[in-house]
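So you can see what is in the structure, the chains are spelled out below.
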Amino acid sequence: MSSHLNPKQPANVEVLVLAAGLGTRMKSATAKVLHKLDGRPLISHVCRTAAQLDPRAITVVVGHQADEVKKAVGAELGEHRASFALQENQKGTGDAVLAAEQNLADADATILILSGDVPLIKPETLRSLVEKHHADDAVCTILTVRLENPFGYGRVVRDDASEFVKIVEQKDASDEERQLREINSGIYCFAAGRLFDALKKIQPNNTQGEYYLTDAPALLKNSGGRVSLYLYTDAREVSGVNTRAELAEFENLIRRRTIRRLMMEEGVTFIDPSHAYVSGEANIGRDSIIHPDVHIEGKSVIGEACEIQQGTRIVDSKLGNRVAVKDHCLIVDSQIADDCAVGPFAHLRMNARMEERSVVGNFVEVKKSTIGRGTKSMHLTYLGDATIGEGTNIGAGTVTCNYDGKNKNPTVIENNVRIGSDTMLVAPVRVGEGAVTAAGSVVIEDVPPNTLVAGVPAKVKKKLSDSE
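On a predicted model such as this, the values are computed, not experimentally measured, just so you know.

Visitor: Talk me through the pairing of strand 4 (residues 57–62); I want residue IDs and the actual numbers.
Guide: When you tally the buried positions in strand 4, you get 5 out of 6 residues, the bulk of the element. Note that strand 1 (residues 13–19) and strand 4 share 6 bridges and pair parallel. Its bridge partner lying in strand 4, leucine 18 is registered against valine 61. Traced from strand 4 through helix 2 (residues 66–77) to strand 5 (residues 82–86), the parallel crossover comes out right-handed.

Pasting the structure below:
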């Protein structure tokens, strides 16, 4: 089956994502579709796949924690890409689809229905489903799979000619029907003009007392419509996440796929692939080496020939080429240029920036600051809201005292400065080019260029020549 829609087929596909339920088997106060997989909510994965189909519209049915689900969808698709329908009372999947009737009022549309908890579904699989739906001139097409253990899933019943008869849920199935291995994936195509008529005829005649969307195909068949079945081979791809154990299984699967791709296609070395985590959205360059217990999260970018040592966590950050990150560092929302060194036990956050060949050493925290080219801060230092020039050395125990109790204030340290150990820089303050602060100085006013300051508070002790 081709992975692209036939040009003769109508381009009027609309996607409906069902995301109203709480997901009681997750044992959580958080709606199931908001639980994260690979760093993003489950609903985000489904919406991203839906958007790749370039549908005419995407509608998400919300219920539990509706505002939070809307925010997650908006963060993935943009504020105006999706519309929402509210299912006020969760009375079943049929009721959920019916809640979106006003959003899907075009009788000529093909409605592709997805569940918000099926994160691994691929766009090419959905394109093939839509192709089959159109090729068979069906009013409904159901994506099905066969499972060795189908317990808990709705069974697909076929007749002697292998044509669709009905879907029966586990709790409502007879002993004979429970032996069937073909199950309903919960992914469908419907002709919109026929779907809503069928939904309004559904009765909650089941042990759950719910309006099942799964009853709609049989009603459509009995009214003369063609119901087609698309038997798919990869059950994992179309599986939903129902429990925390399954969520962990999916996480492990995505992690292994990501790391294998980086090793095989990008030339990245993992010392112990089973003890590293890399987001599916991260990029790592050729000849980089990743040690055990490293976490690279979000949209992080690691350049070529980097070495990330044990216990480091990097989140939404960008590292240039030949960067060495030593053991147990935390780097969040920051940028590190080529040939820099970080750590061990360093913390960079809130848009910290390191320019080429700069060094941040052990137990140094850099917050919302820029470290200039070739500058070093090797030990036990806090640099917050600071701009530091080139070729500067920051002594051990230095603190930029950036917070006055109400506001965060900036510190500027110019090029070729020497900051002595245990210097307190009380912001706002500027240290001029070529200046030196003596050990233990408390700097409360600007330091002129090429001067030595010392004391509490620090005072100019002498003028330095340019060569000192």
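Picking up where we left off.
Visitor: Quick one: what's the story with the sheet that holds strand 30 (residues 386–388), residue by residue and with numbers?
Guide: Taken together, 9 strands build an open sheet; the order of strands is 14-17-20-23-26-28-30-33-36 and the sheet is parallel. Edge strands, defined here as strands with exactly one partner in the open sheet, are strand 14 (283–284) and strand 36 (429–431).

Visitor: Mind laying out the pattern of salt bridges, listing which residues take part and the relevant values?
Guide: For the structure shown, the criterion picks out 21 salt bridges. In this structure, glutamate 76 and arginine 48 form a salt bridge, with 2.7 Å as the shortest nitrogen-oxygen distance. Of this pair, glutamate 76 sits in helix 2 while arginine 48 sits in helix 1 (residues 42–52), and the two are 28 residues apart along the sequence. Linking lysine 200 and glutamate 101 is a salt bridge whose minimum nitrogen-to-oxygen distance equals 3.0 Å. One end of the pair, lysine 200, is in the loop between helix 5 (192–199) and helix 6 (216–222); the other, glutamate 101, is in the loop between helix 3 (93–99) and strand 6 (110–115), and 99 residues separate them in sequence.

Visitor: So what's going on with the packing of helix 1 against helix 2? Which residues, and what values?
Guide: Direction vectors running N to C along helix 1 and helix 2 enclose 40°, while the axes themselves pass 9 Å from each other. In terms of orientation, helix 1 lies oblique with respect to helix 2. For the element pair helix 1 and helix 2, the recorded crossing hand is right-handed. Across the interface between the two elements, Ile43, Ser44, Cys47, Arg48 and Ala51 from helix 1 touch Ala72, Val73, Glu76 and Leu77 from helix 2.

Visitor: How would you explain the nonpolar core if you had to name every residue and give the values?
Guide: In this structure, Phe270, Ile284, Ile308, Ile336, Val342 and Leu348 are the most contacted members of the largest nonpolar core, which totals 46 residues. Those elements that provide at least two residues to this core are helix 7 (244–265), strand 13 (276–278), strand 16 (294–297), strand 27 (359–367), strand 30 and strand 36. It is strand 27 that contributes the most residues to this core, 3 residues altogether. Filtering out sequence-adjacent residues up to four positions away, phenylalanine 270 remains in contact with Ile259, Leu262, Met263, Ala276, Val278, Ile284 and Ile290. Listed in part, the 38 residues of the second largest apolar core include Val62, Leu112, Val118 and Cys189.

Visitor: I'd like to hear about a nonpolar patch on the surface, residue by residue, with values.
Guide: Taken together, the side chains of Phe345, Phe363 and Leu380 make up a nonpolar region of the molecular surface, amounting to roughly 310 Å² of accessible area. The topology assignment puts phenylalanine 363 in strand 27. On the basis of relative accessibility, which here comes to 46%, the residue phenylalanine 363 falls in the partly exposed class.

What counts as what
- Residues numbered from 1 in each chain as written.
- Predicted model: local features only at pLDDT ≥ 70, side-chain atom pairs only at ≥ 80, totals over all residues.
- Heavy atoms only, no water.
- Buried < 20%, exposed > 50% of the residue type's maximum accessible area, 1.4 Å probe, protein only.
- Helix = DSSP H or I, 4+ residues; strand = E, 2+ residues; numbered from the N terminus.
- Pairing = 2+ DSSP bridges.
- Right-handed = clockwise from strand over helix to strand, strands pointing away.
- Salt bridge = Lys/Arg side-chain N within 4 Å of Asp/Glu carboxyl O.
- Axes fitted to C-alpha atoms, helices over the stretch in contact; angles between N-to-C directions.
- Parallel < 35°, antiparallel > 145°, perpendicular 65-115°, else oblique.
- Left-handed = near helix turned anticlockwise from the far one by under 90°.
- Contact = heavy atoms within 4.5 Å.
- Core = buried A, V, L, I, M, F, W, Y, C linked by side-chain atoms within 4.5 Å.
- Patch = residues over 30% accessible without salt bridge, like charges linked within 9 Å, V, L, I, M, F, W, Y side chains within 5 Å.
- Areas by Shrake-Rupley, 256 points an atom, 1.4 Å probe, with all protein chains shown as cover.

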